[in-house]
Amino acid sequence: MTDTLIPNGCKTNGPVENGYFKKGCNPFAETGRSKLQSKRALLNQEIIKQMRMRAGAENLLKATSNNKVREQVVLELSYVNSDLQLLMEQLEGLNSSVEVYQNVQETASIPLIPLGLKETKDVDFSVPLKDFILEHYSEDGSNFQDQIDDLMDLRQACRTPSRNPSGVDLLANYFSQLSFLETRFFSPTRQLGIFFTWYDSFTGMPVCQQNISLEKASMLFNMAALYSQIGTRADRQTQAGLEDAIAAFQKSAGVLHFLKETFTHTPSYDMSPAMLSMLIRLMLAQAQECMFELITLPGIRNEFFSLLKMAQEAAKVGETYSQVHQSMIQTPIKNNVPFFWTTMSHLKTNHYNSLAHYFVSTALLDHQLTPSDDEDKQEKALSQLYDAMPEGRSPLDILKNKDDRRRIGKAHLQRSIMGHEEAIRTHSCCRHLQKLDILSDILQASLKRSLTKFDQNNKEDEFTDYMLAPDIISKTEKKAEMEITAAIKGPLSVFSAKQRWSAPRTIRLRLQERDLGFTLKGDVPVQIQSLDPLCPAAAEGLREGDYIVAVGDTECKWLGVSDVMKLLKDVDEEGVDIRVVSMMDSSSQPMPTKSATYCGGLPKTYSMICLAHDEDDKNPKSRKVAKKPSFLSWGLKNKKSSSTLSLPTADYNGPWNRPTYPNSYNESALY
């Protein structure tokens, strides 16, 4: 970004052009994804144009009493509403175009659903920031035109991030800059006159407001969307590709969860709590699906216990997609989610539940209990498969009775066939699903396999049995869980301008009877707990609740408990120096003022307010230190970051706290 906003020692990964930060993709590149984003931008412009026309017509309808004019306005309104409906359908089509996001080598996997990036308008920071610099910091704002231009270039690059970890880093860098920008320039008592405009990812409705929280929340949404696109693009025919997909979808869910918990009163419906909850479930369901594919990648052994295990794993995937489908059909989500998404989740629910029944039927039909088998183990495995055993029979009776095994196995096959047929019917109901040939081939092959198995076990003289197979209990070895990336958690939530910190203290740690005298807790950064008041560290000034920021010469503000323990386990008789800081009582902070929001002709609402006034772990704000003397410093020319002082911020209300930079691991102690 700029020398003004980036701390000393910050390192970047990969090529850098004209500054510290990586650039985004070429917006004019003719790729399938870029074409979709270009179409999305054009549709958003058309939608806002039609909404302005509708708002004008409605105002005229209220203002005039001329019947002829009113008739003309009503007719015009009907045309505008029809155009809006067509535009919404086109936007839904873009959200349903998942094939361009899939891996190009994918030939045997069911397509996954990615999130589309939110579109925005250009923002000119130049005049408002220069005016604020002159007024608040008493310096000529034109001296910082290059830095402001770099900030605008970074924002522009974030509109077209590359679909890889570098693209995520780009968005994370800008998100971090927004926290520093908010601290230095966005005062709670005045507005800068900078308007942020973002479009709803599902409806295309524009939202415009001066609150920087909209910008931060939208950047988090795009970060989650980019993770989902990375997961969708992964090669799911390899173990490494599946592991990458699982990690990407879990990180997408984690970012969405962080967005949901941190920002409230979102004026854009795609970031409302209900919609975000549904999206979190969708990302976790797709991660669970990839976990199932990872387990089955080496192949499924035709062995009793292996088949029952696969049945419960498949049932778990079906269960997660069933929860996604149920959330999608709730009002008002069902009015905004693409029909393609709803049908795809319903289709996968039936498909994976059918696979579960097929695996159980194969286990019962192809394997018989023999004297060499572990009878107790098979009985336990079968009893854990159902909530209630079929027809009240005991698991051992079913295992020993060949006719019962065959009858129950065929009942599971019947449910498998019915489920696959329902999935195929669902596939035929959506025109966007019909375009996915690979999906149709997979569904047809699954149905054919179940029908073949049924024919192999069907006797002509056998009396038709209408027994209904019971549901299968879902179970998995590894459940998909949200993963919050380090870019949006850690020291940013602790070392922020909202907290007051003591100066860093150096403590000499020495072993006493092979014990340091305390334990560690927390994620990032780690915190001292269970401190023995008689240990040598306590005598040197270590206190309960202190945060460890360095061990020896190693910075550890971004290290977890396990990593810090590795650094401390090698403590010898001479000991090791650690640096710690203590949290002090924070002075009262004023509540942010609410700013009016324009929401595409909809009723006015209020801006998002960060829920982080008394919860340390939900405060993503921090600062960066100037690399060269500027209005952010007291004019000191010492370039060492540890001795650089910053001017009190626009919303300053207490002693100055040094900022941290989330992507710098080797920087000296900055808080």
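If you're wondering where the values come from, they're calculated on a predicted model, not measured in any experiment.

**Thoughts on the overall build of the chain**
Now for step 1: A tally of helices and strands in the chain yields 18 helices and 14 strands.
Now for step 2: In the chain, the proportion of contacts linking residues at least 24 apart, taken out of those at least 6 apart, comes to 76%.

**A few points about the pattern of salt bridges**
Now for step 1: Scanning all chains against the criterion turns up 20 salt bridges.
Now for step 2: The partner of Asp 122 in a salt bridge is Arg 159, with the nearest N and O atoms 2.4 Å apart. With Asp 122 in the loop between helix H2 (67-95) and helix H3 (126-137) and Arg 159 in the loop between helix H4 (145-157) and helix H5 (165-185), the pair connects residues that are 37 residues apart, well separated along the chain.
Now for step 3: Judged by relative accessible area, which is 56%, Asp 122 ranks as exposed.
Now for step 4: In this structure, a network of salt bridges that share partners links the residues Glu 119, Asp 122 and Arg 159.

**As for the nonpolar core**
Now for step 1: Counting 122 residues, the largest nonpolar core has Phe 125, Leu 279 and Trp 341 as its most contacted members.
Now for step 2: Discounting residues that sit within four places of it in the chain, Phe 125 has contacts with Ile 148, Leu 151, Met 152, Arg 155, Tyr 174, Leu 181, Ile 194 and Phe 196.
Now for step 3: Counting 22 residues, the second-largest nonpolar core is a separate cluster that includes Leu 516, Cys 535, Val 551 and Leu 559.

**Looking at helix H6 (residues 212-233)**
Note that an α-helix has 3.6 residues per turn; residues three or four places apart therefore point the same way.
Now for step 1: With 22 residues, H6 extends 32 Å between its outermost C-alpha atoms, agreeing within 8% with the 32 Å of an ideal straight helix rising 1.5 Å per residue.
Now for step 2: Burial analysis of H6 places 21 of its 22 residues in the buried class, the great majority of the element.
Now for step 3: With a side-chain oxygen positioned 2.9 Å from the backbone nitrogen of Ser 213, the residue opening H6 is Asn 211.

**Considering unusual backbone geometry**
Now for step 1: Cis geometry marks the peptide bond from Thr 331 to Pro 332; its omega dihedral reads 0 degrees.
Now for step 2: Here Pro 332 shows up in the loop between helix H9 (304-328) and helix H10 (339-366).
Now for step 3: Here the phi dihedral of Ser 530 falls at roughly 50 degrees; this positive angle occurs in a residue that is not glycine.
Now for step 4: The topology assignment puts Ser 530 in the loop between strand S7 (527-529) and helix H17 (536-539).

**Remarks on the environment of Glu 46**
Now for step 1: Positionally, Glu 46 belongs in helix H1 (residues 32-63).
Now for step 2: Taking relative accessible area as the criterion, Glu 46 reaches 36% and is therefore assigned partly exposed.
Now for step 3: C-alpha of Glu 46 to C-alpha of Leu 87: the two residues are 41 residues apart in sequence and 7.7 Å apart in space.

**A closer look at a negative patch on the surface**
Now for step 1: Taken together, the side chains of Asp 124, Asp 146, Asp 149 and Asp 153 present a region of like negative charge at the surface.
Now for step 2: Within the fold, Asp 124 resides in the loop between H2 and H3.

**Digging into the confidence of the model for the chain**
Now for step 1: Averaged over the chain, the pLDDT score is 77; the fraction of residues at 70 or greater is 75%.
Now for step 2: Ignoring residues within four places in sequence, the model shows residues 1-22, a span with pLDDT below 50, making 67 contacts including any to other chains.
Now for step 3: Segment residues 587-671: pLDDT under 50, and 261 contacts once partners within four positions in sequence are set aside and those in other chains are kept.

**Observations concerning the packing of H3 against H4**
Now for step 1: Across the interface, H3 lies against H4 with an axial gap of 10 Å and an inter-helix angle of 140 degrees. One element, H3, and the other, H4, form an angle in the oblique class. Helix-helix and strand crossings are classified by hand; for H3 and H4 the assignment is right-handed. Of the residues in H4, those in contact with Ser 126, Leu 129 and Lys 130 of H3 are Gln 145, Ile 148, Leu 151 and Met 152.

**A closer look at the pairing of strand S10 (residues 576-581)**
Looking along a regular strand, one sees side chains alternate from face to face of the sheet.
Now for step 1: Of the strand pairs in this sheet, strand S5 (residues 505-509) and S10 are connected by five bridges, and their pairing is antiparallel. Paired with Leu 509 across the bridge in S10 is Val 576.
Now for step 2: Relative to S10, strand S8 (residues 547-551) runs antiparallel, the two sharing four bridges. Looking across to S10, one finds that Ala 550 is bridged to Arg 579.

**Thoughts on the packing of aromatic side chains**
Now for step 1: With the rule as written, the count across this model stands at six aromatic pairs.
Now for step 2: Over the aromatic face of Phe 305 sits the side chain of Lys 377, whose NZ or CZ is 4.8 Å from the ring centroid.
Now for step 3: One cation-aromatic arrangement involves Arg 449 over Tyr 358; the distance from NZ or CZ to the ring centre is 4.8 Å.

**Thoughts on helix H11 (residues 375-383)**
Now for step 1: Where H11 is concerned, the buried positions are Gln 378, Ala 381 and Leu 382. An end-on view of H11 places all buried positions within 95 degrees of arc, on one side of the element. In this structure, H11 carries Asp 376 and Lys 380 as exposed residues pointing more than 90 degrees from its buried face.
Now for step 2: Residues of H11 that are buried sit in contact with H9, H10, helix H12 (395-400) and helix H13 (402-429).
Now for step 3: Measuring from the side-chain oxygen of the N-cap residue of H11 to the backbone nitrogen of Asp 376 gives 3.3 Å; that N-cap residue is Asp 374.

**Focus on the side chain of Asp 200**
Now for step 1: By the secondary structure assignment, Asp 200 is in the loop between strand S1 (196-199) and strand S2 (206-209).
Now for step 2: Although Asp 200 is buried, it makes no salt bridge; Lys 118 carries the closest opposite charge, 5.6 Å away.
Now for step 3: Engagement of the side chain of Asp 200 in a polar contact is seen with the side chain of Ser 268, the distance being 3.4 Å.
Now for step 4: Sequence-distant contacts of Asp 200, defined by excluding residues within four places in its chain, comprise Lys 118, Met 205, Ser 268, Tyr 269 and Asp 270.

**Points about the side chain of Gln 145**
Now for step 1: Considering the arrangement of structural elements, one finds Gln 145 in helix H4.
Now for step 2: Side chain to side chain, Gln 145 and Ser 126 meet in a polar contact 3.2 Å long.
Now for step 3: With sequence-adjacent residues up to four places away left out, Gln 145 is seen in contact with Ser 126 and Lys 130.

Procedures and definitions
- Residues numbered from 1 in each chain as written.
- Predicted model: local features only at pLDDT ≥ 70, side-chain atom pairs only at ≥ 80, totals over all residues.
- Heavy atoms only, no water.
- Helix = DSSP H or I, 4+ residues; strand = E, 2+ residues; numbered from the N terminus.
- Contact = heavy atoms within 4.5 Å.
- Salt bridge = Lys/Arg side-chain N within 4 Å of Asp/Glu carboxyl O.
- Buried < 20%, exposed > 50% of the residue type's maximum accessible area, 1.4 Å probe, protein only.
- Core = buried A, V, L, I, M, F, W, Y, C linked by side-chain atoms within 4.5 Å.
- Expected span 1.5 Å × (residues − 1).
- Polar contact = N/O pair within 3.5 Å; in protein donor to acceptor, adjacent residues only side chain to side chain.
- Patch = residues over 30% accessible without salt bridge, like charges linked within 9 Å, V, L, I, M, F, W, Y side chains within 5 Å.
- Areas by Shrake-Rupley, 256 points an atom, 1.4 Å probe, with all protein chains shown as cover.
- Lys, Arg positive; Asp, Glu negative; His and termini not counted.
- Charge placed at Lys NZ, Arg CZ, Asp CG, Glu CD.
- pLDDT = per-residue confidence, 0-100.
- Axes fitted to C-alpha atoms, helices over the stretch in contact; angles between N-to-C directions.
- Parallel < 35°, antiparallel > 145°, perpendicular 65-115°, else oblique.
- Left-handed = near helix turned anticlockwise from the far one by under 90°.
- Pairing = 2+ DSSP bridges.
- Phe/Tyr/Trp six-rings, centres within 6.5 Å; stacked < 30°, edge-to-face > 60°.
- Lys NZ or Arg CZ within 6 Å of the ring centre and 35° of its normal.
- Arc of directions from axis to C-beta.

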